Amino acid sequence: MHNCVVVRGAGDLATGVIQKLYRAGFAVVALEVEKPLAIRRAVALCEAVYNGTQTVEDVTAVKTEMNISAVEKIWKENKVPILIDEHAKAIEWLKPIAVVDAIIAKKNLGTNKKMANITIGLGPGFYAPTDVDIVIETMRGHNLGRLIFDGCALKNSHEPASIDGVSNERVVYSLYEGKLKTVKQI
């Protein structure tokens, strides 16, 4: 796979990364968990885990099996394969030129420089050049998107970003565990 790039995660931020790589001509594979936790689900390719397929703008992702034949079949359809592979085991047989960790867990869940020639981590939890080659800042503000070649992204503030002066008030947390059934598409 001379032009394969693995993106760990397929949430809303990862979807932006996947789209850019796909449009640049790379053979992209997204690795997801069994139950993705995307916030902006309508613009997250990880919805393919639940629906089998998901399209965001001009990029379609398809959930598939963990083997090279299934992945190549989806590439031939000009789509992005999504594998349920929390521990990134597919990297061993995909042999990507780059791995981008876009999980946005605010900590490193195992991504390291041995995974590919180029490794990139989005947000807090990564240190360049120790863990990855490049860290990308994800905190809102004038440093958003900055490439960090020596150091780390800003630490998780544990506070939602302020939008029009509203921060914690715009986030609703459930008091109970369970399933949410939506009755209207937002």
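Each remark here, short or long, concerns the structure printed above.
Residues numbered from 1 in each chain as written. Predicted model: local features only at pLDDT ≥ 70, side-chain atom pairs only at ≥ 80, totals over all residues. Heavy atoms only, no water.

S.K.: Explain the environment of Asn-112 to me, please; I cannot follow it from the model alone.
M.R.: Mapping Asn-112 onto the fold places it in the loop between strand 6 (98–101) and strand 7 (118–122). We classify Asn-112 as partly exposed; its relative accessible area is 29%. Once the C-alpha coordinates of Asn-112 and Asp-101 are considered, the two residues, 11 residues apart in sequence, prove to be 9.5 Å apart. Setting aside residues up to four positions removed in sequence, Asn-112 forms contacts with Thr-119 and Asp-131. Only 3.2 Å separates the side chain of Asn-112 from the backbone oxygen of Gly-110, close enough to count as a polar contact. (Helix = DSSP H or I, 4+ residues; strand = E, 2+ residues; numbered from the N terminus. Buried < 20%, exposed > 50% of the residue type's maximum accessible area, 1.4 Å probe, protein only. Contact = heavy atoms within 4.5 Å. Polar contact = N/O pair within 3.5 Å; in protein donor to acceptor, adjacent residues only side chain to side chain.)

S.K.: Help me out: how do you make sense of the pairing of strand 7 in this one?
M.R.: Consecutive residues of a regular strand have side chains that alternate between opposite faces of the sheet. The element strand 7 is extensively covered by neighbouring structure, given that 4 of its 5 residues are classed as buried. Bridge count between strand 6 and strand 7: 4 bridges; the pairing is parallel. Bridged to Ala-98 within strand 7 is Ile-118. The sheet contact formed by strand 7 and strand 9 (residues 134–136) spans 3 bridges and is parallel. In the sheet register, Leu-122 faces strand 9, and the bridge partner there is Ile-136. (Pairing = 2+ DSSP bridges.)

S.K.: I'm lost on the nonpolar core in this one. Help?
M.R.: Grouped together as the largest cluster of nonpolar side chains are 26 residues, with contacts concentrated most on Val-7, Ala-10, Ile-18, Leu-45, Ile-82 and Val-100. Secondary structure elements with two or more residues in this core: strand 1 (4–8), helix 1 (12–23), strand 2 (27–32), helix 2 (48–51), strand 4 (59–63), strand 5 (80–84), strand 6 and strand 7. Top contributing element to this core by residue count: helix 1, with 4 residues. What Val-100 contacts, discounting residues up to four positions off in sequence, is Val-5, Val-6, Val-7, Arg-8, Val-17, Ile-120 and Leu-122. Membership of the second largest hydrophobic core comes to 15 residues, among which are Cys-4, Val-6, Leu-83 and Ala-116. (Core = buried A, V, L, I, M, F, W, Y, C linked by side-chain atoms within 4.5 Å.)

S.K.: Explain the side chain of Glu-137 here, please?
M.R.: Mapping Glu-137 onto the fold places it in the loop between strand 9 and strand 10 (147–148). Buried charge Glu-137 goes without a salt bridge, the closest partner of opposite sign being Arg-146 at 7.7 Å. From its side chain, Glu-137 meets the backbone nitrogen of Leu-154 in a polar contact 2.8 Å long. Setting aside its immediate chain neighbours within four residues, Glu-137 contacts Asn-143, Leu-144, Gly-145, Arg-146, Ile-148, Ala-153 and Leu-154. (Lys, Arg positive; Asp, Glu negative; His and termini not counted. Salt bridge = Lys/Arg side-chain N within 4 Å of Asp/Glu carboxyl O.)

S.K.: Would you mind showing me how to read the state of the cysteines here?
M.R.: Two cysteines joined by a covalent bond between their sulfur atoms form a disulfide. Inspection of every chain in the model, using the stated rule, returns 0 disulfides. Cys-46 carries a free sulfur, and the closest cysteine sulfur to it, the one in Cys-4, is 19 Å from it. (Disulfide = S-S within 2.5 Å.)

S.K.: Sorry, what's going on with the sheet that holds strand 7 here?
M.R.: Strand pairing within a sheet occurs via backbone hydrogen bonds; the two strands may be parallel or antiparallel. Pairing within the open sheet is mixed, and its 9 strands lie in the order 3-4-5-2-1-6-7-9-10. Either end of the sheet is taken by a strand with one partner, and the two such strands are strand 3 (53–56) and strand 10. Those strands touched by helix 1 are strand 1, strand 2, strand 3, strand 4, strand 5, strand 6 and strand 7, and its axis lies near 170° from that of strand 1. Packing against the sheet, helix 3 (residues 68–76) makes contact with strand 1, strand 2, strand 4 and strand 5, and its axis sits at approximately 150° to strand 5. (Axes fitted to C-alpha atoms, helices over the stretch in contact; angles between N-to-C directions.)

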